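# Descriptive analysis of the structure
Chain by chain, the residues run as shown.
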Amino acid sequence: MAQVVADVFDVVLIDQDDDVIGTTTLQDAGIEVQVQESDIRGGKGNQLLGVLHSDRDIAINLTDVSFRYEWLAKQLGQPIVTGAGVAYAMPKWYKVESGLSIELEHTPISATPLAIYDELGTRIYGSLSGKTVTFSGGVTVGDQIEVRTYTYATSASTESIKIDNAVFAKGVKAILETIEIDSTTEKATHILQWQFPNALPSGNFSVNTTSAREASAQTFNLRVVKPKVGTVVGETLRIPL
């Protein structure tokens, strides 16, 4: 009988305000431990006489198939703020209807000019009333025109995160858990839990998208930090089932 770890970690992160982020949809999750070692060599043939150990670095690397806005907030070191904001509309083609008008997807902020172009790429102008843009000329009914952008007010439930180059990620408590199984029966025999009281999220991240419609995985990396007092940085538990 051999005992194996054959499943990905579940993870819980707890910040300094006791806000909790949890995920059970990780694609990859790992704990990487690296010890700084210096060889002691001497004598004929420069033989290895001993090894000096100076430090131990622990990194936690997570890849989640689910997009978690709260993870992004931790990486940026900022809270998520809920409230109305200002957004930019993306380019969209419209057909000119009777009355030489088009109906926009959102209600533009009137102080911001509309960027509208005809099929030849020439900028055209119209008068705005709510979502309706009416043209006095330059287009005919049935023409296709492109509204490239305008600003509009978002709803009060909009979430936003400030990106401040002077603010960085703060430490969290990281708990990772998986199961140990019997390789013969494939029955779970133990819970393996790793606890790190102070792990600092990396501020490095990337957001990658493709034209193929598929889930874009989100990475979240942490480094375990030494406490102010003592040298114990974490603990691992093997809990029988």
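This report concerns the structure included in the present document. In every chain, residue numbers begin from 1 and rise along the written sequence. It should be noted that, the model being predicted, local features are given only for residues of pLDDT at least 70 and side-chain atom pairs only at 80 or more, the latter also being counted only at that level, while totals for whole chains, interfaces and linings use all residues. Side-chain figures throughout are based on the complete set of non-hydrogen atoms in the structure, without hydrogens or water.

### Remarks on the overall build of the protein
Helical segments are the DSSP runs of H or I of at least four residues, strand segments are the runs of E of at least two, and each set is numbered from the N terminus. Check the secondary structure of the protein and you find 1 helix and 20 strands. Only C-alpha atoms enter the radius of gyration; for comparison, a globular chain is expected to reach 2.2 Å times N to the power 0.38, where N is the number of residues. Scaling as 2.2 N^0.38, a compact globule of 241 residues should have a C-alpha radius of gyration of about 18 Å, whereas the protein reaches 28 Å, well beyond that. When the backbone C-alpha atoms are referred to their principal axes, the protein occupies close to 90 × 45 × 40 Å. Scored against the burial criterion, the 241 residues of the protein give a buried share of 29%. Residue pairs at least 24 apart in sequence account for 70% of intrachain contacts in the protein once pairs closer than 6 positions are excluded. Each residue gets one of three labels from its accessible area relative to the maximum for its type: buried under 20%, exposed over 50%, partly exposed in between, using a 1.4 Å probe on protein chains only. Note on definitions: a residue-residue contact is assigned when non-hydrogen atoms from the two residues lie within 4.5 Å.

### What about the sheet that holds strand E9 (residues 101-103)?
Within a beta sheet, neighbouring strands are joined by backbone hydrogen bonds and run either parallel or antiparallel to one another. At least two bridges found by DSSP between two strands are what make those strands a pair. Pairing is antiparallel across the open sheet formed by 3 strands, whose spatial order is E9-E13-E12. Of all strands in the sheet, those with a lone pairing partner are E9 and strand E12 (127-129), marking the two edges. Averaged over all pairs of adjacent strands, the angle between their axes in this sheet comes to 20°, without regard to strand direction. Direction of pairing for E12 relative to strand E13 (residues 132-134): antiparallel, over a ladder of 3 bridges. Across the sheet, the residue bridging to Leu128 is Val133, located in E13. Helix axes are fitted to C-alpha atoms over the stretch in contact, other axes to C-alpha atoms as well, and angles between N-to-C directions run from 0 to 180 degrees.

### With respect to the sheet that holds strand E11 (residues 123-124)
Strands sit in the order E8-E14-E10-E11 across an open sheet of 4 strands; the sheet is antiparallel. Since the sheet does not close on itself, it has two edges, and those belong to strand E8 (92-95) and E11, each with one partner. In the sheet, strand E10 (residues 115-117) pairs with strand E14 (residues 144-149) via 3 bridges, with the strands oriented antiparallel. Residue pairing for E14: Ile116 is matched across the bridge by Val147.

### A closer look at unusual backbone geometry
Phi at Asp18 is positive, roughly 65°, even though this residue is not glycine. The residue Asp18 is located in the loop between strand E2 (10-14) and strand E3 (20-23) in this model. For Asp18, a relative accessible area of 61% corresponds to the exposed category. The phi angle at Asn46 is positive, at roughly 50°, despite the residue not being glycine. Relative to the helices and strands, Asn46 resides in the loop between strand E4 (26-42) and strand E5 (47-64). Residue class for Asn46 comes out partly exposed when judged on its relative accessible area of 43%.

### Observations concerning the side chain of Thr23
Position of Thr23 among the secondary structure elements: in strand E3. Nitrogen and oxygen atoms within 3.5 Å of one another constitute a polar contact, given that in protein one can donate a hydrogen and the other can accept it, and given that sequence-neighbouring residues count only through two side-chain atoms. A polar side-chain atom of Thr23 sits 2.7 Å from a polar atom in the side chain of Asp64. Those residues in contact with Thr23, other than ones at most four positions away along the chain, are Asp10, Val11, Asp64, Arg68 and Trp71.

### Concerning the environment of Ser160
With respect to the helices, strands and loops of the structure, Ser160 is situated in strand E16 (residues 159-160). Each C-alpha atom of the pair Ser160 and Tyr88 lies 14 Å from the other, and the pair is 72 residues apart in sequence. Residues within four places of Ser160 in sequence aside, it is in contact with Tyr69, Pro79, Ile80 and Val81.

### Some points on the pairing of strand E18 (residues 188-201)
Taken residue by residue, a regular strand's side chains alternate between the two faces of the sheet. As defined by bridge partners, strand E17 (residues 172-182) adjoins E18 across 9 bridges and the pair is classed as antiparallel. Each bridged residue has a counterpart across the sheet, and for Glu180 the counterpart in E18 is His190. Following E17, the chain reverses through 5 residues before pairing antiparallel with E18; Glu186 in that reversal takes a positive phi of roughly 60°. Two strands pair when backbone bridges link them, and E18 and strand E20 (residues 235-240) are joined in this way by 6 bridges, in the antiparallel orientation. Each residue of the ladder has a partner; that of Ile191, found in E20, is Ile239. Note that E18 and strand E19 (residues 218-224) share 3 bridges and pair antiparallel. Bridging from a neighbouring strand, Ala199 pairs with Val224 of E19.

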